[in-house]
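A structural walkthrough
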Amino acid sequence: MQLGVALSGGGAKGAAHIGILKALEEANIKITCISGTSSGSIVAALYSCGYSPEEIYYIFKKYCRYITDYDKLIPFKVLGTLFTGRINLKSVAKGNNIECIVNNVCYKKGKIDIAQLNLPCAIPAVDIANGQIVYFCSRQVRMDRNETVFDDKPEYVYHERISNVVRASTAFPSIFEPKRIGKHLLVDGGVRVNSPVTVLKRLRENDEKILVIHFEKSGGNNLPKNIIDTAVKSFDIMGHEINEWQISQADYIVDIESSNISLLDVSKIDYMANLGYKVMWKYLNNGIIDIK
């Protein structure tokens, strides 16, 4: 069986995608195209470069502690705000470490530009100035004449450094600084397309079915513990309804319950990778996904 796979964003939850891909490979399901938002874009890019799920897991474990490069000048910027009344703090972290890590890892596979990826791959980001969705794709997308474009005339870009693309798609507002690419100042693709299904349907070559990995909305009455928790929970609430339409366009939906995992909790990488593996096999064994 052949599938296209859309990997949703979710910060540290994105490690579940590694287990998902591993289970699919063990079930002899061929992934013919892939898309990913935010942390999903990291997995999608590395898998499209030719890294196996096991190798991606190793990369996550090796570099996860270096992803968040906190701005050391934050205390001084906050102090300056008290005296001037001007808020000069753009984000908690710059995001340069993600860019550097992805660039080095992809370079080892001889991949620099997104057009060089082995698999058809799509990664979204959002222009913070006008809200436009920018899809970075490794090949030309197919637009059907009768198709309703829900994405408000997105822009498609076919040549850009993989590291720049991933950096842009992972630029979670208030956590990482936006990424400038050409005329666009870009933030996390999850602002509008956390589960990039429709672009994958345009990218696929043989109308293969699409599987989307979806992290269930944070539930319960857990109150945010800090400013980051507040931003993440607000982001989750705002994006949930917007993302429902994207999810509904997939042929198969795999829901992963992970409401207690915070955005930057890298200590949960093992847990999430194992969870993704177990959940995927549960769907396969129960016949929810027809692999014949």
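It should be noted that the structure appears before, not after, this text.
Residues numbered from 1 in each chain as written. Predicted model: local features only at pLDDT ≥ 70, side-chain atom pairs only at ≥ 80, totals over all residues. Heavy atoms only, no water.

This part is about the side chain of aspartate 113. Looking at the element boundaries, aspartate 113 is found in the loop between helix 5 (96-107) and strand 3 (121-127). This buried residue, aspartate 113, is left without a salt bridge; arginine 161 holds the nearest opposite charge, at 8.0 Å. Within the structure, aspartate 113 has its side chain in polar contact with the backbone nitrogen of alanine 115 (distance 2.8 Å). Once residues lying within four places of it in the same chain are set aside, the contact partners of aspartate 113 are Tyr158, His159, Glu160, Arg161 and Ile162. (Helix = DSSP H or I, 4+ residues; strand = E, 2+ residues; numbered from the N terminus. Buried < 20%, exposed > 50% of the residue type's maximum accessible area, 1.4 Å probe, protein only. Lys, Arg positive; Asp, Glu negative; His and termini not counted. Salt bridge = Lys/Arg side-chain N within 4 Å of Asp/Glu carboxyl O. Polar contact = N/O pair within 3.5 Å; in protein donor to acceptor, adjacent residues only side chain to side chain. Contact = heavy atoms within 4.5 Å.)

Relative to the 24 Å expected for 17 residues at 1.5 Å per residue, helix 9 (residues 269-285) spans 24 Å between its end C-alpha atoms, a close match to the ideal helical length. All of the buried residues in helix 9 are Ile269, Met272, Ala273, Leu275, Gly276, Val279, Met280, Tyr283 and Leu284. The buried residues of helix 9 occupy one face: seen down the axis, they fall within an arc of 165°. For helix 9, the exposed residues lying more than 90 degrees away from the buried face are Lys278, Lys282 and Asn285. Residues of helix 9 that are buried in the fold lie against helix 1 (16-26), helix 3 (53-63), strand 8 (209-215) and strand 9 (252-256). Phi turns positive, to about 75°, at glycine 287, one or two residues after helix 9. (Expected span 1.5 Å × (residues − 1). Arc of directions from axis to C-beta.)

With 68 residues, the main nonpolar core has Leu211, Val254, Ile256 and Met280 as its most contacted residues. If we ignore the near neighbours within four places in the chain, the residues touching valine 254 are Ile20, Leu211, Val212, Ile213, His214, Val279, Met280, Tyr283 and Ile289. (Core = buried A, V, L, I, M, F, W, Y, C linked by side-chain atoms within 4.5 Å.)

Counting buried positions along helix 1 yields eight of eleven residues, so the element is predominantly enclosed. Listed as buried for helix 1 are Ala16, His17, Ile18, Gly19, Ile20, Leu21, Ala23 and Leu24. Of the residues trailing helix 1, asparagine 28 is marked for its positive phi of about 60°.

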